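Observations on chain architecture
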Amino acid sequence: MFYWWLGVAAVWVLLDQVTKLWADSALTFGQSIELLPVLNLTLGYNTGAAFSILGGGDGWQRWFLAAIAVAVSSYLVYWLRQIAGSERWLALGLTLVLAGAIGNLIDRLRLGYVIDFIHMYYQDYHWPIFNVADIGITIGAGIVIVAMLVKGNNP
């Protein structure tokens with residue numbers, strides 16, 4: 001099952017990279033295209049972490065965040081290998097977090113920033129722009145938390 005989960009992660013990373021390449025070629029930086037009254041496509045480049053934390057650094061954060069992504073991804077692969085056949089929900093959550101981390105790592109290493117393009121908002125409240133990798137990390141982390149609470153799992 002371990003390799004099956006790695007295949008799922010590879011598909012998510014591919015989806016993330018294809019959508020980022022599309023957004024980067026189809027949109028102009030800062031341009032917004034309304035899809036729904038609460039959803040725009042808006043191209044942005046994030047040199048920081050989630051919510052642009054550390055985004056104001058002078059470049060050191062690229063390598064710091066890349067190192068964290070490599071360390072976390074390595075641990076997630078180790079953890080996934082331990083549980084891949086026995087706990088499907090936990091494995092799914094770990095797989096999505098792993099795929100998201102790798103998707104954003106690819107951008108960070110290749111470009112020095114992460115391409116974001118999904119912009120959700122309601123009236124004057126705007127959620128930070130995000131991407132498919134971020135969706136994987138968020139959903140995956142939620143699944144991991146619920147799986148650990150329900151089953152009492154520990155990493």
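Structure first, text after, so check above.
Residues numbered from 1 in each chain as written. Predicted model: local features only at pLDDT ≥ 70, side-chain atom pairs only at ≥ 80, totals over all residues. Heavy atoms only, no water.

When you go through the chain residue by residue, the secondary structure sums to four helices and four strands. Taken from N to C terminus, the helices and strands of the chain fall in the order α-β-β-α-α-β-β-α. Here the analysis covers contacts within the chain between residues at least 6 apart in sequence; of these, 64% occur between residues at least 24 apart. (Helix = DSSP H or I, 4+ residues; strand = E, 2+ residues; numbered from the N terminus. Contact = heavy atoms within 4.5 Å.)

Quick look at unusual backbone geometry now. The backbone phi angle of Gln-123 is positive, close to 55 degrees, even though this residue is not glycine. Along the chain, the position of Gln-123 falls in the loop between β3 (114-122) and β4 (125-126).

Our focus in this paragraph is the environment of Gln-61. Residue placement: Gln-61 occurs in helix α2 (residues 60-83). Separated by 14 residues in the primary sequence, Gln-61 and Thr-47 place their C-alpha atoms 7.6 Å from one another.

Looking now at the nonpolar core. By size, the foremost hydrophobic cluster in this structure holds 17 residues, and its most contacted members are Leu-76, Trp-79, Leu-80, Ile-83, Leu-90, Leu-94 and Val-144. Those elements that place two or more of their residues in this core are α1 (2-26), α2, α3 (88-111) and α4 (132-151). With six residues, α3 is the single largest residue contributor to this core. Counting 10 residues, the second largest nonpolar core, distinct from the first, contains Ala-23, Leu-27, Ile-115 and Phe-117. (Core = buried A, V, L, I, M, F, W, Y, C linked by side-chain atoms within 4.5 Å. Buried < 20%, exposed > 50% of the residue type's maximum accessible area, 1.4 Å probe, protein only.)

Moving on, we come to the packing of α3 against α4. Direction vectors running N to C along α3 and α4 enclose 150 degrees, while the axes themselves pass 7 Å from each other. Here α3 is positioned roughly antiparallel relative to α4, judged by the angle of their axes. As α3 packs across α4, the resulting crossing turns out to be left-handed. In this structure, α3 uses Trp-89, Leu-90, Leu-92, Gly-93, Leu-94, Leu-96, Val-97, Gly-100, Ala-101, Gly-103 and Asn-104 to contact α4, whose residues at the interface are Ala-133, Asp-134, Gly-136, Ile-137, Ile-139, Gly-140, Ala-141, Ile-143, Val-144, Ala-147 and Met-148. For the contact of α3 with α4, the per-class residue count stands at 15 nonpolar, six polar and one charged. (Axes fitted to C-alpha atoms, helices over the stretch in contact; angles between N-to-C directions. Parallel < 35°, antiparallel > 145°, perpendicular 65-115°, else oblique. Left-handed = near helix turned anticlockwise from the far one by under 90°. Nonpolar A, V, L, I, M, F, W, Y, C, P; charged D, E, K, R; others polar.)

Enumeration according to the criterion identifies seven aromatic pairs in this entry. By way of ring pairs, the aromatic residues Phe-29, Tyr-45 and Tyr-113 are connected into one cluster. Seen from the ring of Phe-2, Arg-81 lies directly overhead, with NZ or CZ sitting 4.4 Å from the centre. (Phe/Tyr/Trp six-rings, centres within 6.5 Å; stacked < 30°, edge-to-face > 60°. Lys NZ or Arg CZ within 6 Å of the ring centre and 35° of its normal.)

Before going further, it helps to spend a moment on the sheet that holds β4. Spatial ordering of the open sheet is given by β1-β2-β3-β4, a layout of four strands whose pairing is antiparallel. For this open sheet the edge positions go to β1 (32-36) and β4, each flanked by a neighbour on one side alone. As paired strands, β1 and strand β2 (residues 39-46) are joined by four bridges and run antiparallel to one another. Paired with Glu-34 across the bridge in β2 is Asn-40. Along the sheet, α1 contacts β2 and β3; its crossing angle with β3, the most-contacted strand, is approximately 80 degrees. (Pairing = 2+ DSSP bridges.)

Moving on, we get to the packing of α1 against α3. Any two packed helices are characterised by how steeply their axes cross, that is the angle between the axes, and by the distance between the axes. Taken N-terminus to C-terminus, the directions of α1 and α3 make an angle of 40 degrees; their axes are 8 Å apart at the nearest point. By the criterion of interaxial angle, the relationship of α1 to α3 is oblique. Relative to α3, the crossing made by α1 is right-handed. Looking at the contact of α1 with α3, its residues break down into 14 nonpolar, four polar and five charged.

We now examine the environment of Asn-131. As for its placement among the helices and strands, Asn-131 is situated in the loop between β4 and α4. Remark: the alpha-carbon pair of Asn-131 and Lys-20, spanning 111 residues in sequence, is separated by 7.5 Å. Asn-131 has contacts with Asp-16, Lys-20, Asn-104, Val-114, Ile-115, Asp-116, Phe-117 and Ile-118, leaving out every residue within four places of it along the chain. A polar atom in the side chain of Asn-131 sits 3.2 Å from the side chain of Asn-104. For Asn-131, the side chain forms a polar contact with the main-chain nitrogen of Ala-133, separated by 2.9 Å. (Polar contact = N/O pair within 3.5 Å; in protein donor to acceptor, adjacent residues only side chain to side chain.)

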